[in-house]
Amino acid sequence: EAFLRQQAAIPNLRKLVYGSVVVADDSEDEEEELGGLFRVSRPQKSKRFRADAVDCSRFTPDSAHNWDLEEMLNSIRDCFVTGKWEEGQDAA
Amino acid sequence: MASHGLDYDGCNFFRQRLVLSTLSGKRVRIKNIRSKDDNPGLRDFEASFIRLLDKVTNGSRIEINQTGTVLFYQPGLLYGGSVEHECNTQRSIGYYLEALLMLAPFMKTSLKVTLKGVTNDHIDPTVDVLKSTALPLMKQFGIDGEGFDLKVVKRGMAPGGGGEVVFICPTRRTMRPVQLTDPGKIKRIRGVAYSVRVSPQMANRIVDTARGVLNKFIPDIYIYTDHMKGANSGKSPGFGLTLVAETMNGSFLSAEMSSTPQGQGDPMLPEDLGKNCAQMLLEEVYRGGCVDSSNQSLALLLMTLGQQDVSKVLLGPLSPHTIEFLRHIRDFFQIMFKIQVQKPSEDERKGGDKVLMTCVGVGYSNINKTLK
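Cut-offs applied
Residues numbered from 1 in each chain as written. Chains lettered and ligands numbered in written order. Predicted model: local features only at pLDDT ≥ 70, side-chain atom pairs only at ≥ 80, totals over all residues. Heavy atoms only, no water. Contact = heavy atoms within 4.5 Å. Buried area = accessible area lost by both parts, 1.4 Å probe. Salt bridge = Lys/Arg side-chain N within 4 Å of Asp/Glu carboxyl O. Helix = DSSP H or I, 4+ residues; strand = E, 2+ residues; numbered from the N terminus. Buried < 20%, exposed > 50% of the residue type's maximum accessible area, 1.4 Å probe, protein only. Pairing = 2+ DSSP bridges. Axes fitted to C-alpha atoms, helices over the stretch in contact; angles between N-to-C directions. 1 Å grid on protein atoms, 1.4 Å probe; cavity = no way out; pocket = protein on both sides within 12 Å on 5 of 7 lines; lining within 4 Å. Points joined across faces, edges and corners; volume = space filled by probe spheres on them. Domains from an automatic or database assignment. Core = buried A, V, L, I, M, F, W, Y, C linked by side-chain atoms within 4.5 Å. Parallel < 35°, antiparallel > 145°, perpendicular 65-115°, else oblique. Left-handed = near helix turned anticlockwise from the far one by under 90°. Nonpolar A, V, L, I, M, F, W, Y, C, P; charged D, E, K, R; others polar. Expected span 1.5 Å × (residues − 1). Phe/Tyr/Trp six-rings, centres within 6.5 Å; stacked < 30°, edge-to-face > 60°.

S.K.: Could you clarify how one ought to interpret the interface of chain A and chain B in this entry?
M.R.: Interfaces are frequently sized by the accessible area removed from exposure as the parts join. The partner chain B presents 63 residues to the 46 residues of chain A that form the contact. Across the chain A to chain B interface the summed buried area is about 5,200 Å²; carbon plus sulfur atoms make up 54%. On the chain A side of the interface with chain B, the three residues burying the most area are Y18, D55 and R58 of chain A, jointly 16% of the side's total. Counting the contacts that link chain A with chain B gives 4 salt bridges.

S.K.: For this particular structure, what's the right way to read the pattern of salt bridges?
M.R.: Pairs can form between side chains of opposite charge whenever their charged atoms are close. Inspection of every chain in the model, using the stated rule, returns 24 salt bridges over all chains. In this structure, D37 of chain B engages R43 of chain B in a salt bridge whose closest nitrogen and oxygen atoms are separated by 3.9 Å. Among the salt bridges present, the one from D220 of chain B reaches R190 of chain B, with a minimum N-O distance of 3.2 Å. Residue D220 of chain B is located in the loop between α5 (201–214) and β13 (221–228), and its partner R190 of chain B is located in strand β12 (residues 186–196); the two are separated by 30 residues in the primary sequence. A residue is classified by how much of its surface remains accessible, and R190 of chain B, at 26% relative accessible area, is partly exposed. Linked through salt bridges whose partners overlap, the residues forming this network are D55 of chain A together with R15 and E98 of chain B.

S.K.: Just checking my understanding: could you explain helix α1 (residues 14–24) of chain B for this structure?
M.R.: Owing to its 3.6 residues per turn, the α-helix brings residues three or four apart onto one side. All names here are of chain B. For α1, the tally of buried residues reaches 10 of 11 residues, placing the bulk of the element in the interior. Those residues of α1 not exposed but buried are F14, R15, Q16, R17, L18, V19, L20, S21, T22 and L23. In the stretch just after α1, G25 is the one whose phi turns positive, near 75°.

S.K.: What is the right way to read the sheet that holds strand β8 (residues 109–117) of chain B from this model?
M.R.: In any sheet, the strands associate via hydrogen bonds between backbone groups, in a parallel or an antiparallel arrangement. All names here are of chain B. The sheet built from 4 strands is open, its strands ordered β7-β8-β10-β9 with mixed pairing. Two strands close off the open sheet at either side, each with one partner strand: β7 (80–86) and β9 (149–154). When strand polarity is set aside, the average angle formed by the axes of neighbouring strands in this sheet is 10°. Helix-sheet contacts for helix α2 (residues 44–56) involve β7 and β8, and the interaxial angle to β7 is about 160°. Across the face of the sheet, helix α3 (residues 93–103) comes into contact with β8, β9 and β10 (163–169) while running at roughly 170° to β8.

S.K.: Is there a simple way to think about the pairing of β10 of chain B in this case?
M.R.: When a strand is regular, its side chains alternate between the sheet's two faces. Residue and element names in this part refer to chain B. β10 sits mainly inside the fold: 6 of its 7 residues count as buried. Bridge count between β8 and β10: 7 bridges; the pairing is antiparallel. Pairing of K116 across the sheet is with E164, part of β10. The sheet contact formed by β9 and β10 spans 5 bridges and is antiparallel. By the bridge assignment, V152 is partnered in β10 with V165.

S.K.: Whenever I open this one, the layout of surface pockets confuses me. Can you help?
M.R.: If a probe the size of a water molecule is rolled over the atoms, the empty space left behind becomes visible. Its boundaries defined by the atoms lining it, the second largest pocket holds a volume of some 500 Å³. If you go around the second largest pocket, you meet 28 residues; those closest to its centre are E86 of chain A together with D182, P183, G184 and K350 of chain B. Looking at the lining of the second largest pocket, you find at least three residues from each of domain 2 (186–287) and domain 3 (291–360) of chain B.

S.K.: It is not clear to me how the nonpolar core should be interpreted in this structure. Could you clarify?
M.R.: Most often, soluble globular proteins keep nonpolar side chains buried together rather than apart. One finds L18, L23, F167, F337 and M357 of chain B to be the most contacted residues of the largest nonpolar core, which totals 85 residues. Each of domain 1 (6–175) and domain 3 (291–360) of chain B accounts for three or more of the residues forming this core. Look past the residues within four positions of F337 of chain B in its chain and what remains in contact with it is R14 and Y18 of chain A together with L300, M303, T304, L326, I329, M357, T358 and C359 of chain B.

S.K.: What am I meant to see in the packing of α1 of chain B against helix α8 (residues 320–333) of chain B here?
M.R.: All names here are of chain B. Close contact between α1 and α8 brings their axes to 10 Å; oriented N to C, the two are set at 30°. On the basis of their axis angle, the class for α1 and α8 is roughly parallel. Here α1 and α8 pass one another in a crossing that is right-handed. Where α1 approaches α8, its residues R15, Q16, R17, L20, S21, L23 and S24 are matched on the opposing element by H321, E324, F325, H328, I329, F332 and F333. Partitioning the contact of α1 with α8 into residue classes produces 6 nonpolar, 5 polar and 3 charged.

S.K.: I keep staring at α2 of chain B and nothing clicks. Help me out?
M.R.: Its 13 residues give α2 of chain B an end-to-end C-alpha distance of 19 Å, which sits within 8% of 18 Å, the value for a rise of 1.5 Å per residue. Along α2 of chain B, the positions that sit buried rather than exposed are F45, E46, S48, F49, I50, L52, L53 and V56 of chain B.

S.K.: Looking at this model, I keep getting lost on the sheet that holds strand β16 (residues 310–315) of chain B. Mind explaining?
M.R.: Residue and element names in this part refer to chain B. Within the open sheet, the 4 strands sit side by side as β11-β16-β18-β17. Their pairing is mixed. The open sheet terminates on both sides in strands that have one partner only, identified here as β11 (179–180) and β17 (338–342). Pairing between β11 and β16: 2 bridges, direction parallel. If you follow L180 over to β16, its bridge partner there is V313.

S.K.: What is the right way to read the packing of aromatic side chains from this model?
M.R.: Where two aromatic rings form a pair, the distance of their centres and the angle of their planes describe that pair. All names here are of chain B. Under the criterion given, the structure shown has 11 aromatic pairs over all chains. Relative to Y364, the ring of F106 lies with its centre 5.4 Å away and its plane at 85°, an arrangement referred to as edge-to-face. Residue F106 is located in the loop between α3 and β8, and its partner Y364 is located in the segment after β18 (354–360); the two are separated by 258 residues in the primary sequence. Taken as a pair, F106 and Y364 share a single burial class, namely buried. In this structure an aromatic cluster arises from ring pairing among F14, F45, F49, Y95 and Y96.

S.K.: So what exactly am I meant to see when it comes to empty space enclosed by the protein here?
M.R.: Residues and elements named next belong to chain B. One pass over the structure, following the stated rule, counts 3 cavities of 30 Å³ or more. Here the largest cavity defines a volume of roughly 140 Å³. If you trace the largest cavity, you find 14 residues lining it, with E98, A99, M102, S297 and H321 closest to the centre. Contributions of two or more residues to the lining of the largest cavity are made by α1, α3 and α7 (296–304). Considering every element that reaches the lining of the largest cavity, the biggest residue donor is α3, with 4 residues. A breakdown of the residues in the lining of the largest cavity according to their chemical character gives 5 nonpolar, 6 polar and 3 charged.

See below:
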């Protein structure tokens, strides 16, 4: 959902798609040192979730939309043949 | 060594990288596959996918390091022919089939593949949805003809599997450029409510509630109930619903939902499933476009590989998977799409913003295809 909002916020989609991608950088990992010898390796969930996330083409629905509401239902009414038709178009 | 082709990190978008590598002939190396995970390296389903890729190609070279965190892939020729594959049950057949749909038209000989495993689960697009959305989409690009079909022989739910699917696809030398800019209005809704190893009444209960939601919009709704019995019903119980909305101009929008696998998570009532699935279809209609959200990347790929002519397609909002796919297309084929946002006008009630994607095909021709 955050992604959708981001997409709506950025007017230039081309920049979003082809612009430089923020790559998760391993060197920036904050690694605590234990006794000056060992490093605590903790998977950084927030940074690496994109690189190792589940490979799936499904697009999860936007939870901001509540399809129990009449106004949501009205917002897509004209997508159906039962809705309003444009000038110069006819059901025939 | 500079010539090991493209480098990527992480296991996400695994299939699209390998698919595009195969089509473009560029070598690819994927490193840091789950390198920070407690259980690092490739999973069984990814290994199974690589084996399937190896079966349909000829002369591919695949190297994986000992921990499975680095994969090197040098693609061979797409051969096709008759293939049988036992898909790993961690992911459903849809996972494998999505990649095959992208590869199949570019084989040397037409592909006839039998896939065994899980036909329906709640992660990937199921076989039923791909059958009713991806196949008509491919027909728009001129992939058609004798035997182009996807058949569910046996249904198998997660986690046990035991399903079987036959996919036959003819080859094409070139793709036809398309102009899909107006989806038209939705004229009918079709669907399949399936149930295996549970009471056949489940399917009817799903249909009732789904119809309740959709009847507010359109009267032409028909949802088939498909109850498979005996040997055709796989190893695990389950039920689910797929819904497809067909528009006047022949585009298809879909939604689907499956019951949670036995022993994982909370059980689901068929009534809730029917209602939620119907609302997901409304969400998909709200997004709109000529291609539904799970097939966006397939459409964009076929546009890229078209003749050197302009193709246009209207999509709903781009999914994260599609955005990454566009970046990969740029890496492998040096094609950038023109992306225009179309905002709906004030008085229109046609859902959210749409995106018009335009590109000129690379003029890819299938040199592998045998002449008869």
